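For reference, the chains in residue letters:
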Amino acid sequence: MGLLKEHDFGTPAKPGPATVTVEIDGVPVTVPEGTSIMRAAAETGTDVPKLCATDSLEAFGSCRLCLVEIDGKKGTPASCTTPVAEGMKVRTQTPKLEKLRQGVMELYISDHPLDCLTCAANGDCELQDMSGVVGLRQVRYGYEGENHLDAPKDTSNPYFDFDASKCIVCSRCVRACGEVQGTFALTIEGRGFDSKVSPGAAELFMDSECVSCGACVQACPTATLQEKSVVDLGMPTRTVLTTCAYCGVGCSFKAELRGDELVRMVPYKDGGANEGHSCVKGRFAFGYATHPDRKLNPMIREKITDEWREVDWETAISYVAEKFRDIQARHGAGSIGGITSSRCTNEEVYVVQKMVRAAFGNNNVDTCARVCHSPTGYGLKQTFGTSAGTQDFRSVAQADVIVVIGANPTDGHPVFASRMKRRLREGAKLIVIDPRRIDLVRSPYIEAEHHLQLAPGTNVAIVNAMAHVVVTEGLVDRSFVADRCEEFDEWAAFIAREENSPEATESITGVPAEQVRAAARLYGGAGNGAIYYGLGVTEHSQGSTMVMGMANLAMATGNIGREGVGVNPLRGQNNVQGSCDMGSFPHELSGYRHVSDDAVREVFEKLWERPILPEPGLRIPNMFDAAVDGTFLGLFVQGEDIAQSDPNTQHVNAALSAMELVVVQDLFLNETAKFAHVFLPGTSFLEKDGTFTNAERRINRVRPVMAPKTGKDEWRVACEIAQAMGYDMNYEHPREIMAEIAAVTPTFAGVSFEKLDKLGSVQWPCNDKAPEGTPTMHVDAFVRGKGRFVQTPFVATRERSTRKYPLILTTGRILSQYNVGAQTRRTANVAWHPEDVLEIHPHDAEVRGIENGDEVTLSSRVGTTTLRALIADRMPVGVVYTTFHHPVTGANVVTTENSDWATNCPEYKVTAVQVGLKHAADRHDAARDEEPALAD
């Protein structure tokens, strides 16, 4: 459980040792240099009255409520903006200060609605609190004359209201939007009495640049900005600390409840990943958990053409076990398998892969990371020795040059993007490598030093060209390479070849050689250079090669092993890192240890009392191929919609249709459930007890806010299926599952629920060497010993534009939606993104007669779909872009079977397509249908 209201120290903490001693109301306190008097006072337990100050924002000094007296100094300075000095003696309570504060409060109250008893913020209003703190008992000024009480209310945002009549113009919302979020959507319009908060140019919130992150709502000291849920349900009375179930940032939240009803999600100030910030999804889009579309009872049908019939849990589990056993009896032990979920907890994932290995008796288990970040696992394992990013998110604050490759943090990982933008505003340089002009290329107070707008599919050529410059222009950190790395000379000879020069690769990438050289010099000459990358790196036929290419570049420049540097994957789903850690790949047990290792298998076999096959099982694409061939006939799918998210949808559908038993465990009847014979209802994150592991290897507790609406925890379902199949697998509580994970997984050896409850979170490796976790990897040595340079020759993708398919499609995400949209589409987030659209360059649109908003057909050699066109110049000529959040669009209908050479990660980011007007095609078809039939 967490505190409903965290202590606010008024101003941010200052770094450094506590060296300055002052006396506050006779109590001595020692604090770091630069600390405000207000914070020093708070450290002694004395909270100076305040309205414009909060410890998430820099001091502003506008409310004049936090006045203090300092011995030997005239006047009454604001304690929030006055730093401490050695020997200073401060008084926070005197008759003079009391009178001044009451006078200030009188002025605030005289222009504020006196509706406290009916106000939604009653009991959670700082104006109300401060009136009591300063002892205000009467207001001498009436409402005669001008006031703001008739100011309009803006209810345009689906999640919060803006009631201007209650605004005290403290600027906290404006400052939060700028300092914390970095959007700068709010401003103070007018001066003096006419001052007011304005979103954009006097727009409604919904029409402005506001991204609905909630920072302004959280910062507001009154009911001016208030969640609609609080207005509807009332103020919460208790809180549960948990972890967001959206992207890989892994934000900590206080789930605030009134009784058993969830009122709001408030970002937790002490959350290791987010430190009190949030985005529109985590902050507001939790309503899907109670959406009427949720299925809460198990369902069965013999054929996928039959109607579903509800059954009890015992019947469903017995049916699944009997069918799986029957398939194996007829087709062999390897004829069934499972897919784990990156949205489930570590504990839930662990028991599913254990069910496959111990109860199914094979290694046919895979996870959705296969289709997103499996090249990260392979590439970083080959070069660094471990399959994960190198830094914690805080590290970006020390970076001097930031390289963003194939990622769109402001949309995909917005809370981390806010950290990054803060560092960029402080002076760090930015290099963006992406075919699309993402928002980071240019946004308020930020402009990328270089945007290398490369052709899709040419990542390896560009990273080799940058490395060529580093090697040939003397930018290699020779001492780091000599001390820490191996196979450098062979790699350097390869990378120095003329074929890898920016001039030679210019015709491949489309990026002018001088731009590449300038970017390489900037990164290579940085004090601290950090690389952050996303699916635009991994979802290619050379995804693994590119990951190794980035690792080469970081090692060559010495940008590994300290804060502010590193190679950092921005993971897509909330527990995609954890699902990989837990042994969800067919070739690896937990902790990324190969199944062929006798010593590793022995550990598990001893504990599980079952033999484990030394050969890897089937990957997801192999499962599909084997299903079409008639040798793989049963599949358990935990919380993944493979029919919508996996490439070449027609092939996926054919594979699912060919199976005798498809079991889907999820919240909703998704696209995959159309092919299922058994549907097992899953639990939302609000009902889960366990852990998630985010993109920075941070293991966070997930605590249940409510009991499972299905009547059964997901981990119990896997255990009971295993038991029904003859393998005794049982736990009393998820903490026992984590204890087993820790017992068999060296990187998790020191992890327990008790430790996480005490410390808040830890980053693996967490063991005897690092009992409180490892924020930065490879500090003194790489996990594999020496960092390994790997040669990365560029091999062009087989997917090429042709006369029939002259455009290249690439895909991505948008801020308001998440993955296949199953959760966010069932919230008010659809107000921002009601459908997937196709971004197309004005030139490509013009030659096809396409206008903005037209319905168009998007066709590739494997399929066709229809969506609306958005004419935009973010993409270069010849490249189109769409998202994949709506199943009605089915963007993966057109993506192909091409995949990464090492991991089978699909090449979502390069598909040759044609785009045409839909109505023009309809006219052509109608004309053809009207033609007279010709005789044979």
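Residues numbered from 1 in each chain as written. Predicted model: local features only at pLDDT ≥ 70, side-chain atom pairs only at ≥ 80, totals over all residues. Heavy atoms only, no water.

Caption draft 1: Layout of the overall build of the protein. The helix and strand inventory of the protein stands at 29 helices and 39 strands. Taken against the 2.2 N^0.38 rule, which gives 30 Å for 936 residues, the C-alpha radius of gyration of the protein at 29 Å falls within 12% of a compact globule. Principal-axis analysis of the C-alpha atoms gives the protein an extent of 100 × 75 × 70 Å. Looking at the protein as a whole, 62% of its 936 residues qualify as buried. (Helix = DSSP H or I, 4+ residues; strand = E, 2+ residues; numbered from the N terminus. Rg over C-alpha atoms; globule rule 2.2 N^0.38 Å. Buried < 20%, exposed > 50% of the residue type's maximum accessible area, 1.4 Å probe, protein only.)

Caption draft 2: Here's a closer look at the packing of aromatic side chains. The final tally for this structure, using the stated rule, is 20 aromatic pairs. Seen from their ring centres, Y350 and W608 are 6.3 Å apart, and the 70 degrees between their planes marks the pair as edge-to-face. Of this pair, Y350 sits in helix α9 (residues 346–360) while W608 sits in helix α21 (residues 598–608), and the two are 258 residues apart along the sequence. With relative accessibility at 1%, the residue W608 sits in the buried group. (Phe/Tyr/Trp six-rings, centres within 6.5 Å; stacked < 30°, edge-to-face > 60°.)

Caption draft 3: Region of interest: the pattern of salt bridges. A complete count under the given rule lists 57 salt bridges for this structure. The residue R788 makes a salt bridge to E487 at a minimum N-O spacing of 3.5 Å. Taken together, the residues R788 in strand β33 (residues 787–788) and E487 in the loop between β22 (485–486) and α15 (488–495) connect sequence positions 301 residues apart. Overall, the relative accessible area of 23% leaves R788 in the partly exposed class. What makes E487 partly exposed here is its relative accessible area of 38%. (Salt bridge = Lys/Arg side-chain N within 4 Å of Asp/Glu carboxyl O.)

Caption draft 4: Fine view of the pairing of strand β1 (residues 18–24). In terms of strand pairing, β1 meets strand β2 (residues 27–32) through six bridges, oriented antiparallel. Considered in β2, the bridge of I24 is made with V27. With antiparallel pairing between neighbouring strands as the criterion, β1 and β2 make up a hairpin whose turn holds two residues, including D25 at a positive phi of roughly 50 degrees. One ladder, built from two bridges, connects β1 with strand β4 (residues 89–91); its direction is parallel. Considered in β4, the bridge of E23 is made with K89. (Pairing = 2+ DSSP bridges.)

Caption draft 5: Structural context of the packing of helix α22 (residues 620–629) against helix α24 (residues 649–658). Packing of α22 against α24 leaves a shortest axis separation of 8 Å and a crossing angle of 55 degrees. With respect to α24, the axis of α22 lies oblique. Here α22 and α24 pass one another in a crossing that is left-handed. Mapping the contact onto sequence places F624, D625, A627 and V628 in α22 and H651, V652, A654, A655 and A658 in α24. Class assignment of the residues belonging to the contact of α22 with α24 gives a composition of seven nonpolar, one polar and one charged. (Axes fitted to C-alpha atoms, helices over the stretch in contact; angles between N-to-C directions. Parallel < 35°, antiparallel > 145°, perpendicular 65-115°, else oblique. Left-handed = near helix turned anticlockwise from the far one by under 90°. Contact = heavy atoms within 4.5 Å. Nonpolar A, V, L, I, M, F, W, Y, C, P; charged D, E, K, R; others polar.)

Caption draft 6: Quick look at the state of the cysteines. With the rule as written, the count across this model stands at zero disulfides. In this structure C63 is a free cysteine whose sulfur lies 3.8 Å from that of C52, the closest cysteine sulfur available. With no disulfide of its own, C170 lies 6.3 Å from the sulfur of C173, the closest cysteine sulfur. Assessed through its relative accessible area of 7%, C170 is described here as buried. (Disulfide = S-S within 2.5 Å.)

Caption draft 7: Inspection of the side chain of N346 at higher detail. Looking at where N346 falls in the secondary structure, it is placed in helix α9. We classify N346 as buried; its relative accessible area is 0%. Among the polar contacts made by the side chain of N346, one reaches the side chain of T693 at a distance of 2.9 Å. (Polar contact = N/O pair within 3.5 Å; in protein donor to acceptor, adjacent residues only side chain to side chain.)

Caption draft 8: A look at the sheet that holds strand β36 (residues 855–859). Ordered by their spatial adjacency, six strands build a closed barrel running β34-β38-β35-β37-β36-β39, and the pairing between neighbours is mixed. Within this sheet the neighbouring strands show an average axis-to-axis angle of 45 degrees, counted without direction. Here strand β35 (residues 837–840) pairs with strand β37 (residues 864–871) via four bridges, running parallel. Bridging from a neighbouring strand, V837 pairs with R868 of β37.

Caption draft 9: Structural context of the sheet that holds strand β18 (residues 429–433). The five strands lie next to each other as β21-β18-β17-β23-β24, forming an open sheet whose pairing is parallel. Strand pairing shows two members of the sheet lacking a second neighbour, β21 (450–452) and β24 (566–569), which therefore form its edges. With direction set aside, neighbouring strand axes in the sheet form an average angle of 15 degrees. Where strand β17 (residues 401–405) and β18 come together, five bridges link them in parallel fashion. In the sheet register, V401 faces β18, and the bridge partner there is K429. Helix α19 (residues 543–556) rests against β17, β23 (529–533) and β24 of the sheet, and its axis sits at about 170 degrees to β23.

Caption draft 10: Fine view of the layout of surface pockets. Here the second largest pocket is characterised by a volume of approximately 1000 Å³. Looking at the second largest pocket, it is lined by 45 residues, and the ones nearest its centre are E209, V211, D411, D439 and L815. Put simply, the parts of the chain that give the lining of the second largest pocket at least two residues each are α11 (409–412), α12 (414–425), β19 (442–443), β35 and β38 (879–883). Tallied by class, the residues present in the lining of the second largest pocket amount to 22 nonpolar, 13 polar and ten charged. (1 Å grid on protein atoms, 1.4 Å probe; cavity = no way out; pocket = protein on both sides within 12 Å on 5 of 7 lines; lining within 4 Å. Points joined across faces, edges and corners; volume = space filled by probe spheres on them.)

Caption draft 11: Representation of empty space enclosed by the protein in the model. All told, the structure shown has ten cavities of 30 Å³ or more when counted by the stated rule. Its boundaries defined by the atoms lining it, the largest cavity holds a volume of some 420 Å³. In terms of lining, the largest cavity is formed by 31 residues, of which the most central are G406, A407, G536, T811 and K909. Take the lining of the largest cavity: its biggest share by element is three residues, from strand β34 (residues 807–812). For the lining of the largest cavity, a count of residues per class yields twelve nonpolar, 13 polar and six charged.

Caption draft 12: Representation of unusual backbone geometry in the model. The omega angle of the peptide bond from W764 to P765 is 0 degrees, so this bond is cis rather than trans. Unusually for a residue other than glycine, D25 sits at a positive phi of about 50 degrees. With respect to the helices and strands, the residue D25 is situated in the loop between β1 and β2. The backbone of Y445 sits at a positive phi, close to 65 degrees, despite the residue not being glycine.

Caption draft 13: Representation of a nonpolar patch on the surface in the model. Taken together, the side chains of L107, V139 and Y141 make up a nonpolar region of the molecular surface, amounting to roughly 260 Å² of accessible area. Position of Y141 relative to the elements: it lies in the loop between α3 (126–133) and β5 (153–154). A relative accessible area of 38% places Y141 in the partly exposed class. (Patch = residues over 30% accessible without salt bridge, like charges linked within 9 Å, V, L, I, M, F, W, Y side chains within 5 Å. Areas by Shrake-Rupley, 256 points an atom, 1.4 Å probe, with all protein chains shown as cover.)

Caption draft 14: Representation of α21. Those residues of α21 not exposed but buried are V600, R601, F604 and W608. Projected down its long axis, α21 carries its buried residues within an arc of 95 degrees, all on one side. Of the residues in α21, the exposed ones pointing more than 90 degrees away from the buried face are D598, E602 and K606. Just downstream of α21 lies E609, where phi reads positive at about 60 degrees. (Arc of directions from axis to C-beta.)

Caption draft 15: The arrangement of the side chain of T458 in detail. On the secondary structure map, T458 appears in the loop between β21 and α13 (459–472). Taking the relative accessible area as the measure of exposure, T458 reaches 6% and is therefore buried. Polar side-chain contacts of T458 include one of 2.6 Å to the backbone oxygen of A455. If sequence neighbours within four positions are ignored, T458 has contacts with I508, T509 and F794.

Caption draft 16: Quick peek at helix α4 (residues 172–181). Taken across its ten residues, α4 has nine buried, putting it largely inside the fold. Here α4 has its buried residues at R172, C173, V174, R175, A176, C177, G178, V180 and Q181. Turning to α4, the residues buried within the fold contact α3, β7 (186–189), β8 (196–199), α5 (215–219), β9 (225–227) and α12. Positioned one or two residues after α4, G182 has a phi angle of 80 degrees, which is positive.

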